[in-house]
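In case you want the letters, here they are:
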Amino acid sequence: MKVLVTGGAGYIGSHTCLELLRQGHDIVVADSLYNAKPEALKRIRELSKRDFQFYEIDIRNEAELERVFAEHAFDCVIHFAGLKAVGESVGLPLKYYDNNVGSTITLCRVMKNNKVKRIIFSSSATVYRPGVLMPVDETAELGCSSPYGWTKFMCEQILRDVVTAYPDWSVVLLRYFNPIGADPSGRIGEDPTGIPNNLLPFVTQTALGRHDKLQIFGNDYATHDGTGVRDYIHVADLADGHVAALQFVMNHKGCEAINLGTGIGYSVLDIVNTFEEVNKVKVPYVISPRRPGDVDAVYAKPDKAKKLLGWEAKRTLDDMCRDSWHWQSNNPQGYQEG
Ligand code: NAD
Ligand code: UFG
């Protein structure tokens, strides 16, 4: 298949591009490089031993996006491009709505003009209403607690409405849980700018000595050890999930929301302990107050992905911790090392 990958230079996009190339698909990447480095693309080429075309564009720019579609006949679009910092979105809602919702509308319009009718969208577990029963399945009530979350909710709704209006479209809304890990080569991985908000990049940077201590946000949650529980999923499993979704959209019409998680919840202390054990490194930590907005536990019921896509997560927490550290220790400054 020939696939346009928006946001393909980013964390999840780069791993998915690599897997698509390894599986023999052709890709074209469109990314503004707002939150990514060209080095990631170079390394995807190096690992896959294949070449592909890259357009450094903001996909809200309709004329530039039209040019990409004029130059290629796509079977499908995988739409990763978006801003993803939950905390930042609270202070900058307009920036988030403009980028995440605006880009999705422009993309759908250009797809429509060019008769491209298949799209796989990066949604998030954050669309589930806080407080819904765990494990959460796709029928659970939706509702968000940040502008970022609402952008995902709105894009999902826009895509559902597009399918209602154009029933020959095929849309898959992939709701990711907590992606961590990296390609086992240690050549591509997560490279956040500034001080990371998410747990794993903070853990790896603390192990490197870049931070004195990890703050564990709360140990009085209703979980097995009091620390927050999440469904961590290896980014390579997510990449496989996208390849499976690509097969699915080629053979189905309509719109499906599908969880991509493991179904297993691990606590912050489980992560720290496993990370230390697998990698033989220390992660000093301190217990701090709860982070506003956090909930006790979030983990998926992953059955629908198995049923519809024939996909399930295979990698273990040991794999996730080992591969995260392999990437970070080989690239202490991320892609800046060149
Ligand atoms: P990322 O920031 O590493 O990748 C996103 C990419 O999109 C970046 O390379 C960025 O430069 C690009 N981009 C952003 N806006 C753009 C625009 N208007 N035009 C062109 N390119 C643009 O993020 P990621 O972790 O790889 O996430 C990919 C997608 O998955 C995002 O939509 C994110 O919201 C979603 N998601 C991520 C997580 C997570 O924890 N990482 C969880 C759930 C959902
Ligand atoms: N945590 C710490 N210390 C840190 C960072 C995080 O203790 O320095 C804890 C959090 O309190 C939480 C867990 O680690 O219990 C995971 O936190 P993350 O920030 O890594 O992830 P979240 O579950 O808060 O959010 C992530 C993404 C969202 C996405 C959501 C989907 O950041 O974009 O998963 O479930 F929407």
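Placed above this text is the structure.
Residues numbered from 1 in each chain as written. Chains lettered and ligands numbered in written order. Predicted model: local features only at pLDDT ≥ 70, side-chain atom pairs only at ≥ 80, totals over all residues. Heavy atoms only, no water.

(A) Region of the structure containing the site of ligand 1. The full set close to ligand 1 counts 28 residues, and I12, D31, N35, K84 and Y148 are the nearest of them. A distance of 3.1 Å separates an oxygen atom of ligand 1 from a polar atom in the backbone of Y34. For ligand 1, a nitrogen atom lies 3.0 Å from a polar atom in the side chain of D58. Expressed as a share of its isolated accessible area of 820 Å², the protein-covered part of ligand 1 is 95%. When contributions to the shell around ligand 1 are tallied by element, the ones reaching two or more residues are α1 (11-22), β5 (118-124) and α6 (147-165). (Near = heavy atom within 4 Å. Polar contact = N/O pair within 3.5 Å; in protein donor to acceptor, adjacent residues only side chain to side chain. Areas by Shrake-Rupley, 256 points an atom, 1.4 Å probe, with all protein chains shown as cover. Helix = DSSP H or I, 4+ residues; strand = E, 2+ residues; numbered from the N terminus.)

(B) Fine view of the sheet that holds strand β12 (residues 266-267). In spatial order, the strands read β12-β9-β14; together these 3 strands make up an open sheet with mixed pairing. Because the sheet does not close on itself, it has two edges, and the strands there are β12 and β14 (297-298). (Pairing = 2+ DSSP bridges.)

(C) Representation of the state of the cysteines in the model. Scanning the model with the defined rule gives 0 disulfides in all. No disulfide involves C76; its nearest neighbouring cysteine sulfur is the one of C108, lying 12 Å away. For C76, a relative accessible area of 0% translates into the label buried. Looking at the unpaired C255, the closest cysteine sulfur is the one in C108, lying at 11 Å. (Disulfide = S-S within 2.5 Å. Buried < 20%, exposed > 50% of the residue type's maximum accessible area, 1.4 Å probe, protein only.)

Keep in mind that these numbers describe shape and distance, not what the molecule does.
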